[in-house]
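# Geometric and topological summary
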Amino acid sequence: RLRIRDNIFGPSDAYALGMNVASTSRVAVCGVAFTNDTTRRFNQFELAYTGRQFGFKNKAAQDVLVEWLVTNALVGVDADGAWTAVEGLTFTTPAVGRGEELASGKDLPLEKRQAGTLDGLRLRPGEVLLLRWRRDRVTNSAALGIDDVNFSWQRALDPTLFLLR
């Protein structure tokens, strides 16, 4: 569990999150949680990461979706709920037949940088923010990873009261 202490959560030297699932109907999901243990509200969240494909089985494109959820208590990243998808952050692997197939396993790992804003997200004191990366239709055995995660936020400005006389 990670806590909000500063205004940035930065990259690691290791591949922090990954999925290696054989063709199955199961959903593959991984993620992180942040607890706001301050007395401040936060907004203007920005997320950037590098999507990586390590496996060389890509007859069908795979989408890794980014979603967020704010709750009052820590729950699993596979929990049901009103998750909000961030369409612009989806990592899609190349697929055979679309003119973007990999020539050989030597082309791996395939990397693509994704960056965007988590619109509409507000985090109040005591709330938990969950970020997850989800493969909801696993149609091949491509090993996928999430690396170089950068997550930043800004403190929400308190409303200012003006008294006009």
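Note: the structure precedes this text.
Residues numbered from 1 in each chain as written. Predicted model: local features only at pLDDT ≥ 70, side-chain atom pairs only at ≥ 80, totals over all residues. Heavy atoms only, no water.

## Quick look at the nonpolar core
Formally: In plain words, nonpolar cores are sets of buried Ala, Val, Leu, Ile, Met, Phe, Trp, Tyr and Cys residues tied together by side-chain atoms within 4.5 Å. Classification of residues uses two cut-offs on accessible area relative to the type maximum, computed with a 1.4 Å probe and protein chains only: under 20% is buried, over 50% is exposed, and between them is partly exposed. Counting from the N terminus, the helices are DSSP H or I runs at least four residues long and the strands are E runs at least two residues long.
Counting residues in each nonpolar core, the largest one holds 24 residues, and the members touching the most others are F45, L47, L118, L129, L131, W133 and F151. Going through the elements one at a time, β4 (28–35), β5 (42–53), β6 (63–71), β10 (128–135) and β11 (144–155) are the ones with two or more residues in this core. The element that contributes the greatest number of residues to this core is β11, accounting for five residues. Of all hydrophobic cores here, the second largest spans six residues; its members include A33, L69, V77 and W83.

## Considerations on the pattern of salt bridges
Rules: Any Lys or Arg side-chain nitrogen found within 4 Å of a carboxyl oxygen on Asp or Glu counts as a salt bridge.
The full count for this structure, using the stated rule, is six salt bridges. Of the charged contacts in the structure, one is a salt bridge between E111 and R52, with a shortest N-O distance of 2.1 Å. Of this pair, E111 sits in strand β9 (residues 110–117) while R52 sits in strand β5; the two residues are 59 residues apart in sequence, bridging distant segments of the chain. For E111, a relative accessible area of 45% translates into the label partly exposed. Ionic pairing is found between E127 and R124, a salt bridge with its closest N-O pair at 3.1 Å. The class for R124 is partly exposed, based on a relative accessible area of 49%. A network of salt bridges, in which partner residues are shared, links R52, E111, D147 and D148.

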